[in-house]
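Coordinate inspection notes
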Amino acid sequence: MSADPAELRDSLSGDVLTSTDREYERARLCFNLLIDRRPALIARCADADDVATALAFGQEKGLEIAVRGGGHNPAGHCAVDAGLVIDLSRMRNVEVDPENGIAVSEGGATWLDFDAATQAHGLVTPGGVVGSTGVTGLTLGGGIGHLTAQHGLTCDNLLSAELVTPGGERVRASAAENPELLWGLRGGGGNFGVVTRTEFRLHRLERVVGGRLDYEGDAVREALRAFRDVDRHAGDEISIQCQISTQEDLTPTLVVVPSYTGPDEETEEIRALRSVPGLVNDGVREQSFLDQQRVFDPGYGVDRNYWKGHFVRELPDELIDLLVDRMSALGRPPGAILIESLRGAPKDFDPDGAALGYRDAAFNLSVMASWIDPAADDEHIAWARETAAAIEPWSVRGGYANYMQADEPLERVRGAFGPDNFARLQALKSQYDPENLLHRNQNIPPAG
Ligand SMILES: Cc1cc2nc3c(=O)[nH]c(=O)nc-3n(C[C@H](O)[C@H](O)[C@H](O)COP(=O)(O)OP(=O)(O)OC[C@H]3O[C@@H](n4cnc5c(N)ncnc54)[C@H](O)[C@@H]3O)c2cc1C
């Protein structure tokens, strides 16, 4: 059945792009250039009514449907060849209620939108570390960032959500209404409907002591050991992430990014990190949280990416050496390995309050191959797969759903939740999306 764009245009408050529109090329672009898809229609919805209309239109015309928030998912789930994209990039309003410490965000808001609105009141919720990532997309997979140790995963701070289901129903999930759905949204991804509004708990935050510490050369191994030891004993007022990469000549490099929100100007943890040999740049200082959110600032749609990783229970010397050795295995810079700590507040939340199953891990290790030349696709993808396979003996769970590519087998997705939670998610999927219309995601197939 053919889909006439004019028919959809006439029924939306937002707009509809096709390949003849000037903005189409930019609107179809994903963060990951490895994904190059040409949707038939991109419906840039203005509100929840538009979302319901677009969902109904897509089903009536038999179009495959993708949902786009910030466009960051490395699997490229936000784009679909010859199908319909429900694009939420016009739904980015964020309302802050400072008295009650709550923010309500539309389904397409990015972290830049969210942080700018909440920081205007000296408030924050723990989000992702790159401003152009979608708030909703990140939250639905968990959410790890610069405030994880202090305030938990992003989804731990999700109080409620409003969805349009594939059946066109408007559903609210909160502790009081449909609590099982709220549980599923905390990690279960975009499987149950298009989320049009999310409500978050906010925390007071005036500034951080943060920025980056750059190390290079052989001392990177020692710096990684120091990161691990400092992180293990650190208090809940500091989150620390780090990323290993290489220079062109394969000299290893490491960036360690602390984010301290306590009252002091100097902390024992930052002092210890500064004392490690091999430190070539010390960019740690008191700064605004908005500046902290710019420490990692990759360009959008500039390179090809293939990510694969594991949650691990520990970071022993043997594993650190393996990670550093893998950075030279390709014979040219392969990308990076990101290490995110899950210490602190994530352990304080009720594990039964969220569908995700990795709260007990010590770190998330993400192997992030990135490159420019399409001719190098196979080699970089193989490097990421082999590196992730080498990490597997320390794995505590399947990988982080937010960083998964589309080729992960169902077992890896199931592993990320554990069998019991996965069965509960499948029951929710059967209730809200029995036909699996929303399958362009880290998919949870309906039960049965
Ligand atoms: C550069 C970069 C930095 C990142 N940093 C972090 C980080 O610091 N911490 C972290 O935890 N993760 C991070 N991520 C991973 C990111 O959280 C996930 O990839 C997430 O899915 C991106 O959401 P998005 O809306 O930007 O992406 P999109 O590609 O637009 O959406 C991805 C999928 O999310 C679902 N989705 C998005 N919005 C909605 C909605 N409103 N309703 C229903 N479903 C929806 C859909 O299934 C959609 O296909 C990062 C990714 C990149 C590329």
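Anyway, here's the lowdown on the structure attached to this text. (Residues numbered from 1 in each chain as written. Predicted model: local features only at pLDDT ≥ 70, side-chain atom pairs only at ≥ 80, totals over all residues. Heavy atoms only, no water.)

Digging into the packing of helix α13 (residues 410-417) against helix α14 (residues 419-432)
Here is the rule we go by: Every axis corresponds to a line fitted to the C-alpha atoms, with the helix fit spanning only the stretch in contact, and the corresponding angles, defined between N-to-C directions, vary from 0 to 180 degrees. Put simply, DSSP H or I for four residues or longer makes a helix, DSSP E for two residues or longer makes a strand, and each gets a number counted from the N terminus. Roughly parallel means an angle under 35 degrees; roughly antiparallel means over 145; roughly perpendicular covers 65 to 115; every other angle is labelled oblique. Contacts are assigned to residue pairs that have any heavy atoms within 4.5 Å of one another. Side-chain classes are defined by residue name, with Ala, Val, Leu, Ile, Met, Phe, Trp, Tyr, Cys and Pro counting as nonpolar, Asp, Glu, Lys and Arg as charged, and the others, Gly among them, as polar.
Where α13 contacts α14, the axes come no closer than 6 Å and their chain directions differ by 105°. Overall, the two elements α13 and α14 adopt an arrangement that is roughly perpendicular. Side by side, α13 and α14 meet where Leu410, Val413, Arg414 and Phe417 of the first sit next to Pro419, Asn421, Phe422, Leu425 and Gln426 of the second. Considering only residue class, the contact of α13 with α14 consists of six nonpolar, two polar and one charged.

Topic: the sheet that holds strand β8 (residues 158-164)
Here is the rule we go by: Whether two strands pair depends on DSSP finding at least two bridges between them.
A sheet is described by the order of its strands in space; here five strands give the open sequence β5-β6-β10-β8-β9, paired in antiparallel fashion. The open sheet has two edge strands with one neighbour each: β5 (94-97) and β9 (170-173). If you compare each strand with its neighbour and ignore which way they point, the axes differ by 15° on average. By the bridge criterion, five bridges tie strand β6 (residues 102-106) to strand β10 (residues 194-201) in an arrangement that is antiparallel. What sits directly across from Val104, in β10, is Glu199.

What to know about the pattern of salt bridges
Spelled out, the test is: Should a side-chain nitrogen of Lys or Arg be within 4 Å of a carboxyl oxygen of Asp or Glu, the pair is scored as a salt bridge. Burial classes: relative accessible area under 20% of the type maximum marks a residue as buried, over 50% as exposed, and values in between as partly exposed (1.4 Å probe, protein chains only).
Summed over the entire model, instances satisfying the criterion amount to 40 salt bridges. A salt bridge links Asp36 to Arg28; the shortest N-O distance between them is 2.7 Å. Residue class for Asp36 comes out exposed when judged on its relative accessible area of 52%. As a salt-bridge pair, Glu266 and Arg271 come within 3.4 Å of each other at their nearest N and O atoms. Taking relative accessible area as the criterion, Glu266 reaches 33% and is therefore assigned partly exposed. Relative accessible area serves as the criterion here: at 46%, Arg271 is assigned to the partly exposed category. Beyond isolated ion pairs, a larger network of salt bridges with shared partners links Arg221, Arg225, Arg228, Asp229, Arg232, Asp317, Asp321 and Asp325.

A word on the site of the ligand
To keep things clear, this is the line we draw: Consider each residue's heavy atoms; a residue with any of them within 4 Å of a molecule or strand counts as near. Under the rule applied, a polar contact is a pair of N or O atoms within 3.5 Å (in protein, one hydrogen donor and one hydrogen acceptor; residues adjacent in sequence only if both atoms are side-chain atoms). Per-residue and other accessible areas follow the Shrake-Rupley method at a 1.4 Å probe size, with only the shown protein chains counted as cover for residues.
Around the ligand sit 35 residues, and of these Gly69, Gly70, Gly71, Ile144 and Tyr400 come closest. Within the backbone of Gly69, an N or O atom sits 2.7 Å from an oxygen atom of the ligand. In this structure, a nitrogen atom belonging to the ligand sits 3.3 Å away from a main-chain N or O atom of Gly107. Bound to the protein, the ligand loses 97% of the 950 Å² it would expose on its own. Elements with a minimum of two residues in the shell around the ligand: β3 (65-68), α5 (135-141) and β10.

Notes on the sheet that holds β3
Hydrogen bonding along the main chain pairs the strands of a sheet, whether they run parallel or antiparallel. The four strands are arranged β1-β2-β4-β3 in an open sheet whose pairing can be described as mixed. Each edge of the sheet is formed by a strand with only one pairing partner; in this case those strands are β1 (15-17) and β3. Direction aside, the axes of adjacent strands within the sheet are offset by 20° on average. Alignment of strand β2 (residues 41-44) against strand β4 (residues 84-87), held across four bridges, turns out to be parallel.

Some remarks on the side chain of Arg326
You can see Arg326 is positioned in helix α11 (residues 317-326). Only 2.8 Å separates the side chain of Arg326 from the side chain of Thr387, close enough to count as a polar contact.

Some thoughts on unusual backbone geometry
In this structure, Ala82 is a non-glycine residue whose phi angle is positive, near 65°. Following the sequence through the fold, Ala82 ends up in the loop between β3 and β4. The class of Ala82 is exposed, set by a relative accessible area of 53%.

Brief notes about α13
Note the threshold: Read the arc as the range of directions from the helix axis to the C-beta atoms.
Of the residues making up α13, those classed as buried are Arg412, Val413, Ala416 and Phe417. Take α13 and look down its axis: the buried residues cluster within an arc of 140°, on one side only. Considering only its buried residues, α13 is in contact with β18 (304-312), β21 (395-397) and α14. One or two steps after α13, the chain reaches Gly418, where phi turns positive at roughly 85°.

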